[in-house]
Amino acid sequence: MQRTRTEAEAAAAAGKLHAFSIDPQSDPEALFRIAPDSGLITTAMELDREREHWHNITIIATQR
């Protein structure tokens, strides 16, 4: 598996530090998690594609 650098990682390397979070109103069931420093998004549990075909979450990035 090849891993590419995320925009968040590139910004951090350039000294432009950001803090990332998920807008709680866009994820009321708290299905997703985000690493505040890297912006890496993961699921909190296995998602059921037959129950929900897609998810729409809002990511907030703030400069520190």
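Residues numbered from 1 in each chain as written. Predicted model: local features only at pLDDT ≥ 70, side-chain atom pairs only at ≥ 80, totals over all residues. Heavy atoms only, no water.

1. Quick look at the pattern of salt bridges
Right, on to step 1. Scanning the model with the defined rule gives 1 salt bridge in all.
Right, on to step 2. Notably, a salt bridge pairs E29 with R51, separated by 3.6 Å at the nearest N-O pair. Taken together, the positions of E29 in the loop between β1 (18-22) and β2 (32-34) and R51 in the loop between β3 (41-43) and β4 (59-63) put the pair 22 residues apart, joining distant regions of the chain.
Right, on to step 3. Residue classification places R51 among the exposed positions, given a relative accessible area of 57%. (Salt bridge = Lys/Arg side-chain N within 4 Å of Asp/Glu carboxyl O. Helix = DSSP H or I, 4+ residues; strand = E, 2+ residues; numbered from the N terminus. Buried < 20%, exposed > 50% of the residue type's maximum accessible area, 1.4 Å probe, protein only.)

2. What to know about a negative patch on the surface
Right, on to step 1. Taken together, the side chains of E46, D48, E50 and E52 present a region of like negative charge at the surface.
Right, on to step 2. As for its position among the elements, D48 is in the loop between β3 and β4.
Right, on to step 3. Given the relative accessible area of 43%, D48 is considered partly exposed. (Patch = residues over 30% accessible without salt bridge, like charges linked within 9 Å, V, L, I, M, F, W, Y side chains within 5 Å. Areas by Shrake-Rupley, 256 points an atom, 1.4 Å probe, with all protein chains shown as cover. Lys, Arg positive; Asp, Glu negative; His and termini not counted. Charge placed at Lys NZ, Arg CZ, Asp CG, Glu CD.)

3. Focus: the confidence of the model for the protein
Right, on to step 1. Chain-level statistics for the protein give a pLDDT mean of 83 and a share of 72% at 70 or above.
Right, on to step 2. For the protein, helix α1 (residues 7-13) is the element with the lowest average pLDDT, namely 65, and β2 is the one with the highest, namely 95. (pLDDT = per-residue confidence, 0-100.)

4. Here we look at the nonpolar core
Right, on to step 1. Core analysis: the largest hydrophobic core is formed by 5 residues, namely F20, I22, L31, F32 and I34.
Right, on to step 2. Only β1 and β2 provide two or more residues apiece to this core.
Right, on to step 3. Contacts of L31, omitting those with residues within four sequence positions, involve T42, T43, A44, M45, L47 and H55. (Core = buried A, V, L, I, M, F, W, Y, C linked by side-chain atoms within 4.5 Å. Contact = heavy atoms within 4.5 Å.)

5. Looking at unusual backbone geometry
Right, on to step 1. Backbone geometry at A30 places phi at a positive 55 degrees, although glycine is not the residue there.
Right, on to step 2. In this structure, A30 sits in the loop between β1 and β2.
Right, on to step 3. Using a relative accessible area of 32% as the deciding quantity, one classes A30 as partly exposed.

6. Section: the side chain of D27
Right, on to step 1. Within the secondary structure, D27 sits in the loop between β1 and β2.
Right, on to step 2. For the buried residue D27, which engages in no salt bridge, the nearest side chain bearing the opposite charge is R33, 5.4 Å off.
Right, on to step 3. Polar side-chain contacts of D27 include one of 3.0 Å to the backbone nitrogen of L31.
Right, on to step 4. In this structure, D27 is in contact with I22, F32 and I57, ignoring residues within four places of it in sequence. (Polar contact = N/O pair within 3.5 Å; in protein donor to acceptor, adjacent residues only side chain to side chain.)

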